[in-house]
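# Coordinates in review
Okay, here's what each chain looks like letter by letter:
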Amino acid sequence: MNMGLPPIDLKVFHDNGYTRQECRVTGLWFWTCDPDRDTCGDTEEDEYTFIGAPIISGYDMRGRELKDSMREAFIGFLEKRGHTRIQPYPVLARWRDDIHLTIASIADFQPHVTSGDVEPPANPLAISQPCIRLNDVDAVGRSGRHLTTFEMMAHHVFNKPDEGRMFYWMEECVKHCHDLLCGTFGIDPEEVTYVENPWSGGGNAGPAVEVIVGGLELATLVFMNLAESDDGEIEIKGVKYSEMPLQIIDTGYGLERFCWAAAGTPTIYEAIYPESVEWLKQMAGFSSERFDMNQTELDSLLGEMSRLFGIMNIEAGSDGDRMREVFLARLAERGHSIDVELFTAITEPLSRIYAIPDHMHALANMLGDGLVPSNAKAGYLARMIARRVLRMRDELGLNLSLADLVMHHLDVNYSAERMKQTQEGLVTILKGEEERYDEMLRKGNQVVKTAIKDIPQGVDELPDEILFTINDSHGIAPDLVMNIANDLGWKNLTLRTGFNAEMAERHAAMAKDAAKAVVAKPIVEHVPSVPATIPLYYEDVSQQNFEASVLACLELKGDDIPEGATHGIVLDRTCFYPEGGGQEGDHGSLTCDSASNVILDSRKVDDLVIHLSTGPFEVGDMVHGELDWGRRRQLMDHHTAVHIVGGAARRLLGPHIYQAGANKSVDSARLDITHHKRLSRQDLDEIESLANEVIQKVSRTEKMTLDRKDADRKYGFDLYQGGAPKGSDIRILRIADHDIQACGGTHHDEPGRIGQIRIVRSNAVQDGVERLHIVAGDAAMRYARNQEDILRDAADVFQVPVEELPTKASRMFSEWKDQRKKIESLEAEIVRLRTSGGGEDIAEVDGVRVVIMEVDGDLKTMTKMLKELTLDSSKPTLAVLGSREGGGKLMVATTENSIASEKFNAVDILRGISSHIRGGGGGRPTFAQGGGSNPDGLPDALDAAKQLIGA
RNA sequence: GGGCGCAUAGAUCAGUUGGAAGAUCGCUUGGUUUGCAACCAAGAGGCCGGGGGUUCAAAUCCCCCUGCGUCCA
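What comes next concerns the included structure. (Residues numbered from 1 in each chain as written. Chains lettered and ligands numbered in written order. Predicted model: local features only at pLDDT ≥ 70, side-chain atom pairs only at ≥ 80, totals over all residues. Heavy atoms only, no water.)

## Re the overall build of chain A
Quick note on the threshold: Counting from the N terminus, the helices are the DSSP runs of H or I reaching at least four residues and the strands are the DSSP runs of E reaching at least two. The globule rule used for comparison is 2.2 Å times the number of residues to the exponent 0.38, while the radius of gyration itself is calculated over C-alpha atoms. Relative accessible area decides the class of each residue, using a 1.4 Å probe on protein chains only: under 20% of the type maximum gives buried, over 50% gives exposed, and in between gives partly exposed. Whether two residues are in contact is decided by their heavy atoms: any pair within 4.5 Å suffices. Each accessible area value is a Shrake-Rupley result obtained with a 1.4 Å probe; residue values ignore everything except the protein chains displayed when judging cover. None of His or the chain ends enter the tally, which takes Lys and Arg as positive and Asp and Glu as negative. Lysine's charge is taken at NZ, arginine's at CZ, aspartate's at CG and glutamate's at CD.
The number of helices and strands found in chain A is 25 helices and 34 strands. Here chain A has a C-alpha radius of gyration of 38 Å; the compact-globule value for 951 residues is 30 Å, and the former is much larger. Judged by the C-alpha coordinates and their principal axes, chain A covers about 120 × 95 × 55 Å. For chain A, with 951 residues in total, the buried portion stands at 49%. If you take every contact in chain A between residues at least 6 apart in sequence, the share linking residues at least 24 apart comes to 65%. Accessible area of chain A: about 43800 Å², with a carbon and sulfur share of 48%. In chain A, 101 side chains carry a positive charge and 151 a negative one; their mean positions are 6 Å apart.

Right under this line is the structure:
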């Protein structure tokens, strides 16, 4: 067995004088042409060499202009060498269902191209793909090099050696890279090391080369030719792999890092966002004078710090205090002796000034692609970024809104032609986010106040549970809680070292618990190996019956089987549409000479349609299939209507409207759309009107099947509203220019057949996703009739015409309220009358008025009576009331703070007498109440009370 | 996708182990003042989100629904 991978020994290395060495620090093998070098370049001993001394020359510009030239140089170089330029994909990975954001250029081609099912858009190709990665979001601004959003420049090759298609492999790939670095960019070859470091992930692996330039990893070249396999002959990190037919070159060149190496600025942020950094420094009053330095001294210090950060690994959650000590000690070794205060005073504001433009860029990328902020899924990521910006803005004391920040960013750093969202839409969304953030802070203050009000002001720590709950449930981070508590007077409070790391661990543990995915049980145990079912429903959507032969008859399994269905029938062809794309499966019947069965549902398993039948057929039977056409037509009404409503919503509300889910049943349809605020009835009316206009105006829907590559190119990724489809052929439904999407459902050829569309109501599925409830065709009429029935029934109750229902109902309601109040005051009056006189119920014991009587009424009425009796402090009273209602009720009360309450304990008296009604009870010493299950014992209970008290 | 929290007067929110529905602001009326602000006094204003359950007793405990918030993946 061949353990591991062979050395990467290429002609291009030898031709350029490179030799293979083992790194003294990491133990990795690497190639270098510097005779003195014994480290691979990416170690804690290899400092950046380009700070203040650009390693790539000829790029004096900064910011957007620098990025544009660098990108152009890269792609232009590859174009000259036979690569085709591909336009970047969106940062929202809508063609995938496993990730929200595009995290690498290769993500564009996963899973269909990398699996070999679909041809790449070009081969070999060159691209610069905007990516977003939020794993290291805490390090952004602090490390000098981390970014949440960056462009991954790449050349990709998809080889199929078995089919004789081998474009190029390692040798040519590394040569392209080396020629680019040392030729086009003029980098000194001694600064470049190639580190052998096999790559593995997601079931694939292969040899890989990390390209380190001046101590910074500028690129990675991955040669993916292995797939996980139990009897594989190559082992990497304990997993066995074998070669696969598709061999892919996946490279990644960090555009921003090239820019940094060409600019030689203290941090990467000054290279790519220089105007923003300057602007924010000004706005925040950050200048060298503030630290008693001149600009040169400050720059030199920052450069030194950046070099140090480059070799010290700052991990989120590591011990900040210790890290800082080591850092400051090493900084002092380099002639920059500063104390902790100065260090903090410089790095805290600066890290925010650096992070804000990066975060704004990520926001522009995400929202620009039409993302709507939300409390779940990808939308949450955008909200989190927006909140981080707002938080940093507040900490910097900037008098700027999120909208101000984004406008500045678009103006200075962004190429607006990339944006699908309008600038106006962007500003509206961000204004909404800022309002929400302000509201969260306001509420948070209140929450903290309530949570800590019983905690003594002298303590120095808050219970962990309080901090966890406030963070998780109210969005107030622990250190913000400290600030708020401090303002409220708890001056000694501090946050325990490592608390934030503990909280992160806790969240990680929770996420682990939640990871147990529920997999739906298959409805058949074994999928038979018979030819794929031919779908007649695509050729003619109005075909209602057909002849077919039975290929398999299966036993049905699982919980998800309709009542009465016993067998799954597989035919060679069918008009039964199987459940899919939110459209429910068809019903109907199958008949042959010897049997006739009802079909209760149709499902798709792999490429077979399974007819859920009430009985079996023999394999080989010729059957006649008959569709429940009323049901199917209604489903088509609803499915087609959903497309039309979605298109109408997009046209009226904006380009961020995207389908987040849909369901089409017989009674109604649901369409979930992404939108940043709740829809009003007026919004719904407008969408409804436009949808009905479309039905009238568009005479035919257009259906076509395209190769995925052509579909992507022609219509873009908005096609995949219904989710990421599988396979290489994409069925497309087009309703004029109104709506175009990939969809495998059945639709009317003529939209007019729907008749009418009504949007019944909307509700929020989650923040940022609005669910529209739609009825169309006959269902719309049934719905309208049903509504009218409800109205008529309600009107009959009030005995008024339907038109007068609202007036009548509101008058009845206010009368009911008035009368309720009147009854209350009358009850009080009765109590006053009953308790004011002398009578046999009233006695006096030791100067305390004692009232013992049986009354009518429930606990609430009795409570009022007791109030009347005992609230007057000039007449100290002990009252015992009993009622026969609900099994018998007893109440005992004394006048508070009087001789009555001193002499008598209401709870004791109640307990002493409640046995007579077989019950219990309790309360306070001055007010007790109880009940039982023996109303007839009430007189005895009251007599017992008299004896007990001595009245 | 998973977790947590909230819903009480027109507004903002308290409400302890289940046992008498509250505060502040606003509102109305009266007083004070040339007038306003301020102040004093009195008063009105509650299906405690909806539905079910447990209990002698639920704003409070349990379940479901609706609306809202928030954290994590």
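## Let's talk about the environment of D712
Structurally, D712 is set in helix α19 (residues 708-715). Residues D712 and P121 lie 591 residues apart in sequence; the distance between their C-alpha atoms is 9.1 Å. Residues in contact with D712, not counting those within four places in the same chain, are F717 and Y720.

## Focus: the packing of helix α2 (residues 63-80) against helix α4 (residues 255-263)
What counts, and what does not: For every element, the axis is a line fit to its C-alpha atoms; helices are fit only across the contacting stretch, and the angle between N-to-C directions ranges from 0 to 180 degrees. The cut-offs work like this: below 35 degrees is roughly parallel, past 145 is roughly antiparallel, 65 to 115 is roughly perpendicular, and the gaps in between are oblique. Three classes are used, and their members are as follows: Ala, Val, Leu, Ile, Met, Phe, Trp, Tyr, Cys and Pro are nonpolar, Asp, Glu, Lys and Arg are charged, and the others, Gly among them, are polar.
Where α2 contacts α4, the two axes come as close as 9 Å, and the packing angle between them is 110°. By the angle between their axes, α2 is roughly perpendicular relative to α4. Contacts between α2 and α4 pair L66, K67, M70 and R71 from the former with L255, E256, F258, C259, A262 and A263 from the latter. A breakdown of the residues in the contact of α2 with α4 according to their chemical character gives seven nonpolar, no polar and three charged.

## Considerations on a positive patch on the surface
Quick note on the threshold: In this analysis, a patch consists of residues with relative accessible area above 30% that form no salt bridge, clustered at 9 Å for like charges and at 5 Å for the nonpolar side chains Val, Leu, Ile, Met, Phe, Trp and Tyr. Any carboxyl oxygen of Asp or Glu within 4 Å of a side-chain nitrogen of Lys or Arg constitutes a salt bridge here.
Taken together, the side chains of K817, R820, K821 and K860 present a region of like positive charge at the surface. Examining the composition of the positive patch, we find that three residues originate from one element, helix α21 (residues 805-836), more than from any other. With respect to the secondary-structure elements, K817 resides in helix α21. The partly exposed category is assigned to K817, whose relative accessible area is 36%.

## Observations concerning the sheet that holds strand β25 (residues 729-735)
This is how it is decided: Two strands form a pair only when DSSP identifies at least two bridges running between them.
Taken in spatial order, the three strands line up as β24-β25-β26 in an open sheet, and their pairing is antiparallel. Looking at strand neighbours, the two that pair on one side only are β24 (702-707) and β26 (739-742), the edges of this open sheet. Between one strand and the next, the sheet's axes are offset by a mean angle of 25°, whatever the strand orientation. Pairing of β24 with β25 involves six bridges; the strand directions are antiparallel. Within β25, the residue paired with E702 across the bridge is R734. On the sheet, α19 packs against β24, β25 and β26 and is oriented at approximately 120° with respect to β24.

## Some points on the side chain of H155
Which entries qualify depends on this criterion: Nitrogen and oxygen atoms within 3.5 Å of one another constitute a polar contact, given that in protein one can donate a hydrogen and the other can accept it, and given that sequence-neighbouring residues count only through two side-chain atoms.
Note on placement: H155 falls in strand β6 (residues 149-159). What makes H155 buried here is its relative accessible area of 1%. Of the polar contacts made by the side chain of H155, one reaches the side chain of Y168; its length is 2.9 Å. When residues no more than four places from it in sequence are discounted, the contact partners of H155 are F74, L78, H83, L125, A126, Y168, C173, H176, I249, T251 and Y253.

## Let's talk about the protein's contact with RNA strand B
Definition in use: If even one non-hydrogen atom of a residue comes within 4 Å of a molecule or strand, that residue is called near it.
Neighbouring residues of RNA strand B: 42 residues in total, closest Y380, R387, R678, K889 and R924. Each atom of RNA strand B within 4 Å of the protein was assigned to sugar, phosphate or base; sugar and phosphate come to 65%. At 3.4 Å from a sugar or linking oxygen of RNA strand B is found a main-chain nitrogen or oxygen belonging to N471. A distance of 3.0 Å separates a phosphate oxygen of RNA strand B from a polar side-chain atom of K821. Sorting elements by how many residues they give to the surface near RNA strand B places helix α12 (residues 423-452) first, with six residues. Class assignment of the residues belonging to the surface near RNA strand B gives a composition of nine nonpolar, 17 polar and 16 charged.

## Comments concerning the pairing of strand β5 (residues 125-132)
Of all eight residues in β5, eight are buried; the element is thus mostly enclosed. Every second residue of β5 is oriented toward a common face, with L125, I127, Q129 and C131 on one face and A126, S128, P130 and I132 on the other, all of them buried. When strand β4 (residues 84-85) meets β5, the two strands line up parallel, connected through two bridges. Along β5, the bridge assignment pairs R85 with A126. In this structure, β5 lies alongside β6, joined through eight bridges in antiparallel fashion. Looking at β6, one finds that I127 is bridged to A154.

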